[in-house]
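In case you want the letters, here they are:
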Amino acid sequence: GVSHADVGARLLAIWGLPSTIVDVVQHHHDPGSAPPPCRRLASIVHVADAAVQHIPLPKEINLASLERAGCAHLVPSWLALAEQVK
């Protein structure tokens, strides 16, 4: 009943990584739920995770969550960058 984000975040915490990294991993599928200081980083990881699997049209992007994180407006430029390195 746990996700890979839960397991990853727990392991990173056990290994003593900074809480920012733990929070980003924990919330990378729902960046709008991340603590405010981590929302942009969680949003970047969310879009990158979706983009690498679905370039050029990532269907796994959670736009509602990115909107809550205040980063939805950045997605087009992030996807453009991903397309350049594809």
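Quick summary incoming for the structure in this document. As the structure is a prediction and not an experimental result, all values here were calculated from the model. (Residues numbered from 1 in each chain as written. Predicted model: local features only at pLDDT ≥ 70, side-chain atom pairs only at ≥ 80, totals over all residues. Heavy atoms only, no water.)

### Notes on the environment of Leu79
Inspection of the secondary structure assignment puts Leu79 in helix α5 (residues 75–85). Residue Leu79 is classed as partly exposed on the basis of its relative accessible area, which comes to 24%. (Helix = DSSP H or I, 4+ residues; strand = E, 2+ residues; numbered from the N terminus. Buried < 20%, exposed > 50% of the residue type's maximum accessible area, 1.4 Å probe, protein only.)

### Some points on helix α1 (residues 4–14)
Listed as buried for α1 are Ala5, Ala9 and Leu12. For α1, the angular spread of the buried residues around the axis is 65°, confining them to a single face. Of the exposed residues in α1, the ones pointing more than 90 degrees away from its buried face are His4, Arg10 and Ile14. Here the buried face of α1 lies against α2 (19–26). Sitting at the amino-terminal end of α1 is Ser3, which places a side-chain oxygen 3.2 Å from the backbone nitrogen of Ala5. (Arc of directions from axis to C-beta. Contact = heavy atoms within 4.5 Å. Polar contact = N/O pair within 3.5 Å; in protein donor to acceptor, adjacent residues only side chain to side chain.)

### Observations concerning the side chain of His27
Summarising the element assignment, His27 is placed in the loop between α2 and α3 (39–54). Contact partners of His27, with chain neighbours within four places excluded, come to Ser33, Ala34, Pro35 and Ala42.

### A short note on the nonpolar core
In a soluble, globular protein the nonpolar side chains are often hidden away together inside. Membership of the largest hydrophobic core is limited to 9 residues, which are Val47, Ala50, Ile61, Leu66, Cys71, Ala72, Leu74, Val75 and Trp78. Sorting the residues of this core by element identifies α3 and α5 as the ones contributing at least two each. (Core = buried A, V, L, I, M, F, W, Y, C linked by side-chain atoms within 4.5 Å.)

### Description of a nonpolar patch on the surface
Together, Val2, Val7, Leu11, Ile14, Trp15, Leu17 and Ile21 line one region of the surface with nonpolar side chains, adding up to about 660 Å² of accessible area. With 3 residues, the top contributor of residues to the nonpolar patch is α1. With respect to the helices, strands and loops of the structure, Ile21 is situated in helix α2. A relative accessible area of 37% means that Ile21 is categorised as partly exposed. (Patch = residues over 30% accessible without salt bridge, like charges linked within 9 Å, V, L, I, M, F, W, Y side chains within 5 Å. Areas by Shrake-Rupley, 256 points an atom, 1.4 Å probe, with all protein chains shown as cover. Salt bridge = Lys/Arg side-chain N within 4 Å of Asp/Glu carboxyl O.)

By themselves, these figures tell us nothing about what the structure is for.
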